[in-house]
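Secondary and tertiary structure notes
Take a look at the letters that make up each chain.
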Amino acid sequence: MSHFIKAFAVLMLLSGMTIILEQLGIYSLNVGLDKVIIGAVLLVALQILNIVSSKTHNGRISIMSVVMIIVFIMPVLAYFFSDILSLSSGFKGSLPLIIGVMMLLESLYMLH
């Protein structure tokens, strides 16, 4: 399972860097799909993998794991429900960059 998580983390690292570079206006990759939605789904999938990994290795899920999952999923939920929530346009515009940075940080942590 750890090799799968490492491979998944490499995919998230590349995806996060692509999102960050595109949001900063440095590089743009035309894939035909929304990279932020793909990144958000990858971030949620990694959090689910963290829960499963924690449960199988430790036999329980700690409070800290739950708090970290909530912290990493909040920007994803804000991105998906930004039309329903009354978010400022500046915050809405910065959500893809926040998701990209969180993907980058989480993937670097998973690769250590």
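All of the points below concern the structure found in this document. (Residues numbered from 1 in each chain as written. Predicted model: local features only at pLDDT ≥ 70, side-chain atom pairs only at ≥ 80, totals over all residues. Heavy atoms only, no water.)

Turning our eyes to something else, we now look at the packing of helix α1 (residues 2-23) against helix α2 (residues 35-58). Between α1 and α2, the shortest axis-to-axis distance is 10 Å and the interhelical angle comes to 150°. What the angle tells us is that α1 and α2 run roughly antiparallel. When the axes of α1 and α2 are compared, the crossing they make is left-handed. Of α2, the residues touching α1 (which contributes Phe-4, Ile-5, Phe-8, Leu-11, Met-12, Ser-15, Thr-18, Ile-19 and Glu-22) are Lys-35, Val-36, Gly-39, Leu-42, Leu-43, Ala-45, Leu-46, Leu-49 and Ser-53. By residue class, the composition of the contact of α1 with α2 is 12 nonpolar, four polar and two charged. (Axes fitted to C-alpha atoms, helices over the stretch in contact; angles between N-to-C directions. Helix = DSSP H or I, 4+ residues; strand = E, 2+ residues; numbered from the N terminus. Parallel < 35°, antiparallel > 145°, perpendicular 65-115°, else oblique. Left-handed = near helix turned anticlockwise from the far one by under 90°. Contact = heavy atoms within 4.5 Å. Nonpolar A, V, L, I, M, F, W, Y, C, P; charged D, E, K, R; others polar.)

Let us now look at the pattern of salt bridges. Evaluated as defined, the whole model comprises one salt bridge. Where Glu-22 meets Lys-35, a salt bridge forms, and the shortest distance between an N and an O atom there is 3.1 Å. In this pair, Glu-22 sits in helix α1 while Lys-35 sits in helix α2, placing the two residues 13 residues apart along the sequence. Given the relative accessible area of 14%, Lys-35 is considered buried. (Salt bridge = Lys/Arg side-chain N within 4 Å of Asp/Glu carboxyl O. Buried < 20%, exposed > 50% of the residue type's maximum accessible area, 1.4 Å probe, protein only.)

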